[in-house]
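# Tertiary structure, described
Here are the chains, one letter per residue:
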Amino acid sequence: MHLSRLTPRGTPPPARRPRPSLLGTLLRGLVAFALAAAGLIAAVVVTAGPAQADYTSSNLPNWAIGPFTRAAQNPLLTAQGTGFESNDVFNPGVVVRNGTFQMLYRGQDSKGVSAVGYATSTNGTTFTRSASNPVISGTLPSETGGIEDPRLYELDGTYYSFFTGVAGGSVDIDEATSTDLVHWTQLGPVVTDNKDAAVLTDPSDTPVLVNGKYVMYFGEQSHGGEGITYSTDMIHWSGNASINLHFPSNYQPYEICVTVTDYQTVKGAPANNNVLMFVSGTLMAQGKWYYGISEVEFSGSNLTQQIGQLTDATLSPTTSYELNGQTKNCVFMNSITYYNGQWYMYYGAGDTVVALATAQLRSAPEAPFSSTSFETGQRLPDWVDQVDTSAASSGGTANVGGFPGYSLTAPETSLRAETAHTGTESLMYSGSANGAATDYAYTQVFDLSASPITVSSGTTLSYWIYPQSSSRTGVTGGTSSCVALDLIFTDGTALRNSGAVDENGNRLHPASQCGHLPLDQWDHVTSTIGAKVSGKTISRIDLGFDEPGGSGGYRGYVDDIAITS
């Protein structure tokens, strides 16, 4: 079954398994029961995979790493013995040095307490555990409840590990150092009241200096949010500042995993000097419970400025070892490393076993936009619920809020597996006009700046749109028909102001589409835009709502978008 992403945001999906696992199981059960009691789900379903497929090589943006393929040898490590790893092993940090894969992994005992083990491999899949395990245990006051999810880095012969120290109901980011990966000096907390350290590294897991400082991104949405901190020696960290991942609130819970810079995704292409961040969480699960992995891009010159994000998962739970375990439907990663021509992503599956997924460099960059039905392998949106505040969008939004009845505060534009013209996915839009003289909202959908499209005299824009009527609770009258796709050109102008008309002679301005799109059915909109904007270059595709004086909720779907010559 598929849940709408309009699940009330006041009832968030369950968080990734807290420690100990029994508590997490109880909490997830209570949340699922609450959702069922509210009529949002008919039954508790915890073993089905997500609605959407992961990215393929044909639709990944140039900045993103992937697609990933699971190792045939998975799972690589499983629980063993009666000691610190008797129940579960998962969430490893890995570096490769002198041809040896060196792994720190989280082991969990029968009481739910975690410690860190060490294992090595010469082929990346067959690991040998150290006889000295566990090599790091919870010995400090900040670690009385154990230590979890080790990250691992190496710099000038010293290894640095950052992990979550658990003490009672609190968590901190603790650090330890070593020269042999067996004997560790534990330094205690370096960031308090948060978790998930992601030191910025090059592709070989070596921390890099930015303006003379090492950089650590960190944070879990439910433990104080996301932040960034700096160090000159990899030991003392300061200058903490908040960052914004610009995720919709229904992506919660989520947490930061790994950051890398100066990396390559396409053969022969130059290295990307921006920051690639892996994140894990419910993210784009469309209201269903799962923990998947996705990617975000930050500026290399302004480390707190997000400049891109994937709108589907890089890896989502689909195999038996990911769908089952102490946390069902869960994948989470602490490590990404590039070695011998490919990316190695080691991850925890089901919070129970260690697994591996690899990615080759892609043979070609992302193709220029031509058409999409939002299906597997096709172009997916570059933004979710992101208001366009550029000058061409006239300020982005005015007197438009969130769709009523779901505690939403802003308009939405994101994928759904609810109603589609073709396939299973479409672009859902929603919001609510406040009855002012000017009511409009323009949200960004596709970024074409990497391969902008120059309009010729014969260029045509077409799409299918399904505006919902008041039969959908929350929708008022024909408000949902006041919607149109908009093109933003590199000269700062927009299609809606060009005078271009559709096949019925109505202007391709959202306000001019009001009342001309029949409700509760798929309507085809097409326009030879070259008649008005030939020679202009398209840099972005927006979706616009505009109803002067309108009042009430609007909602609908867009599918099968095409720009053809």
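Described in the following lines is the structure provided in the data block. Values in this document were obtained by computation on a predicted structure and should not be read as measured data. (Residues numbered from 1 in each chain as written. Predicted model: local features only at pLDDT ≥ 70, side-chain atom pairs only at ≥ 80, totals over all residues. Heavy atoms only, no water.)

### Some words on the pattern of salt bridges
Stated precisely, the cut-off is as follows: For salt bridges, the criterion is a side-chain nitrogen of Lys or Arg within 4 Å of an Asp or Glu carboxyl oxygen. In DSSP terms, a helix is any run of H or I states spanning at least four residues, a strand is any run of E spanning at least two, and both are numbered starting from the N terminus. To sort residues, take the accessible area from a 1.4 Å probe on protein chains only and compare it with the maximum for the residue type: under 20% means buried, over 50% means exposed, and anything in between is partly exposed.
With the rule as written, the count across this model stands at 15 salt bridges. For Glu148, the salt bridge goes to Arg106, with nearest N and O atoms at 3.2 Å. Of this pair, Glu148 sits in strand β6 (residues 146–155) while Arg106 sits in strand β3 (residues 100–108), placing them 42 residues apart in sequence. Of the residues examined, Arg106 reaches a relative accessible area of 1% and is grouped as buried. A salt bridge links Arg416 to Glu412, with the nearest nitrogen and oxygen atoms 3.7 Å apart. Each member of the pair, Arg416 as well as Glu412, is classed as buried. Ionic contacts of the salt-bridge type, sharing partners, join the residues Glu412, Arg416, Glu418 and Arg555 into one network.

### So, the state of the cysteines
The line we're drawing: Throughout, a disulfide means two cysteine sulfur atoms within 2.5 Å of one another.
This structure, assessed with the given rule, holds one disulfide. Here Cys482 connects covalently by a disulfide to Cys514, the sulfurs 1.8 Å from one another. Judged by the torsion about the S-S bond (135 degrees), the Cys482/Cys514 disulfide is right-handed. Highlighted residues: Cys482 in the loop between β30 (460–467) and β31 (483–489) and Cys514 in the loop between α3 (510–513) and β32 (523–527), separated in sequence by 32 residues. Taking relative accessible area as the criterion, Cys482 reaches 1% and is therefore assigned buried. Judged by relative accessible area, which is 23%, Cys514 ranks as partly exposed.

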